[in-house]
Amino acid sequence: MNDDSAKPLDKIFEQFLASPKIIKNRDVLRPTYVPEHLPHRDEQIKKIAMILAAALKGGTPSNLLLYGKTGTGKTAVAKYVLKHLKQKSVETGLDPPLISYINCGIVDTNYRVLAQLNKSIGVEVPFTGLPTDEVYHRFVEALDTNSKLMIIVLDEVDMLVKKSGDSILYDLTRINSNLENARVSIIGISNDLKFKEYLDPRVLSSLSEEEIVFPPYTANELKDILTERAKLGIYENAIAPGVINLCAAYAAREHGDARRALDLLRVAAELAEREGASQITERHVKEAKIQIEADVVTETIKGLPLQSKLVLYAIYISHARSTTAVMTGDVYAIYTELCKELHIEPLTQRRISDLINELDMLGIVNARVISKGRYGRSKRIKLAVSRKLIRNLLEDDPRFQKISKFLSD
Ligand code: ADP
Ligand code: MG
């Protein structure tokens, strides 16, 4: 690569190599990494281990429900205990349990969960097409050809239930009565504390034979978690004083979320590295916070249903057109124009008002009731996120190409 076009690149790589070292091990800073030590989760780890220990004496552990907000260590703790249970079984000369880990945030239909369970014991079923009952029976039959224990982890099970109901949980929590040789224990993990309210009481009582709550981490606990992780992932002198504390303080405000704390540290480290700085400083953490929050908002907006997006764009356009406060009625007028342009049946103003409330709850807009007009309570609406961010999203979505002309007015 001696031609001139490669020179600028060469310079970038050279600069990178010559700059001070910040990140020692990138993988350790990623959210999927499960460390060998999980501070402040001794109680949960012991409780789960005591329940699963039944497996070491040929018993069937009780079903288990783990719940707590995101980033409270549920997935990490479950994986950690299962790994050690497996190791212990092997050490003791026992047949280790089969473990099937399913992330229901991704595998989110009853059919796909059953297909995945089949796959985990070597039975291939087509992606779609078979009746769900049939997929279930194939699983029961194949599993029962040996007398092993299978531990099924249904992580983010609340997503599955919200999308596809709880019928599969009903079947799986009763599967042992269909098995003669094999046995099944279930570990359900939920990020949604209200999850239990969605379940049929019979499913709930069998799934939550044992229940373990994961409370949010305090700022001090997050500090310990980050300090240990920083030792593994970042060079010793590359962190300025106060950096860990700041990451911990921000993440503690964000419901004690260890994932957020680690994200802040990793992104701050990457920013420092890219800048060629000799240390990660508090400024990098502040910039990381802004970047992460923008990413979260972007993902939230991308995931909105079409009608909510239209309402958001209508709010955006209202602001672009008006110099005075934007009211529900203004938004509704532009929303109906957009619907016409896109050949979409508009919803009622009442519904739009509800969607605006939802956007408010998501922190994307601020809506304040200020008068009781002809259409009921009218709200003054402001964007709570940057206009540029919304504009970028709007331009990226091909469905909205047609309405971009509203923006150039
Ligand atoms: P949850 O499943 O509750 O959303 P995770 O188990 O995925 O949370 O944890 C989020 C991130 O924080 C992961 O990278 C995990 O390794 C880390 N983490 C959570 N709790 C601890 C802990 N007690 N010690 C070390 N790391 C932790
Ligand atoms: Mg998790």
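Before reading on, note that the structure itself is shown above.
So, how was this worked out
- Residues numbered from 1 in each chain as written.
- Chains lettered and ligands numbered in written order.
- Predicted model: local features only at pLDDT ≥ 70, side-chain atom pairs only at ≥ 80, totals over all residues.
- Heavy atoms only, no water.
- Patch = residues over 30% accessible without salt bridge, like charges linked within 9 Å, V, L, I, M, F, W, Y side chains within 5 Å.
- Areas by Shrake-Rupley, 256 points an atom, 1.4 Å probe, with all protein chains shown as cover.
- Salt bridge = Lys/Arg side-chain N within 4 Å of Asp/Glu carboxyl O.
- Helix = DSSP H or I, 4+ residues; strand = E, 2+ residues; numbered from the N terminus.
- Buried < 20%, exposed > 50% of the residue type's maximum accessible area, 1.4 Å probe, protein only.
- Pairing = 2+ DSSP bridges.
- Phe/Tyr/Trp six-rings, centres within 6.5 Å; stacked < 30°, edge-to-face > 60°.
- Lys NZ or Arg CZ within 6 Å of the ring centre and 35° of its normal.
- Near = heavy atom within 4 Å.
- Polar contact = N/O pair within 3.5 Å; in protein donor to acceptor, adjacent residues only side chain to side chain.
- Nonpolar A, V, L, I, M, F, W, Y, C, P; charged D, E, K, R; others polar.

A. Expanded view of a nonpolar patch on the surface. A surface patch of nonpolar side chains, about 300 Å² in accessible area, is lined by Leu9, Ile12 and Phe13. Mapping leucine 9 onto the fold places it in helix α1 (residues 7-18).

B. Highlighting the pairing of strand β4 (residues 183-190). Most of β4 sits inside the fold, with eight of its eight residues counted as buried. Here β4 shows two buried faces, one formed by Arg183, Ser185, Ile187 and Ile189 and the other by Val184, Ile186, Gly188 and Ser190. Taken together, the four bridges between strand β1 (residues 64-67) and β4 define a ladder with parallel strand orientation. Following the sheet pairing, leucine 64 is matched in β4 by isoleucine 187. Of the pairings in the sheet, the one linking strand β3 (residues 149-155) to β4 comprises six bridges and is parallel in character. The residue bridging isoleucine 151 from the neighbouring strand is serine 185, located in β4.

C. View of the packing of aromatic side chains. Here the structure, examined in full by the defined rule, presents one aromatic pair. Stacked on the ring of tyrosine 101, the Lys or Arg lysine 79 has its end atom at 4.4 Å from the ring centre. Residue placement shows arginine 174 over the ring face of tyrosine 170; its charged tip is 4.3 Å from the ring centre.

D. Molecular detail of the site of ligand 1. Surveying the vicinity of ligand 1 reveals 21 residues, the closest of which are Pro39, Gly71, Lys74, Thr75 and Tyr217. Between an oxygen atom of ligand 1 and a main-chain N or O atom of threonine 72, the distance comes to 3.1 Å. Side-chain polar atom of arginine 229 to an oxygen atom of ligand 1: 2.8 Å apart, as the coordinates give it. Burial of ligand 1 by the protein chains amounts to 97% of its free accessible area of 550 Å². Residue assignment for the shell around ligand 1 shows that the elements contributing at least two residues are α3 (74-91), α9 (219-233) and α11 (258-275). Grouping the amino acids of the shell around ligand 1 by side-chain chemistry returns 10 nonpolar, six polar and five charged.

Any link to function would need more than the numbers given here.
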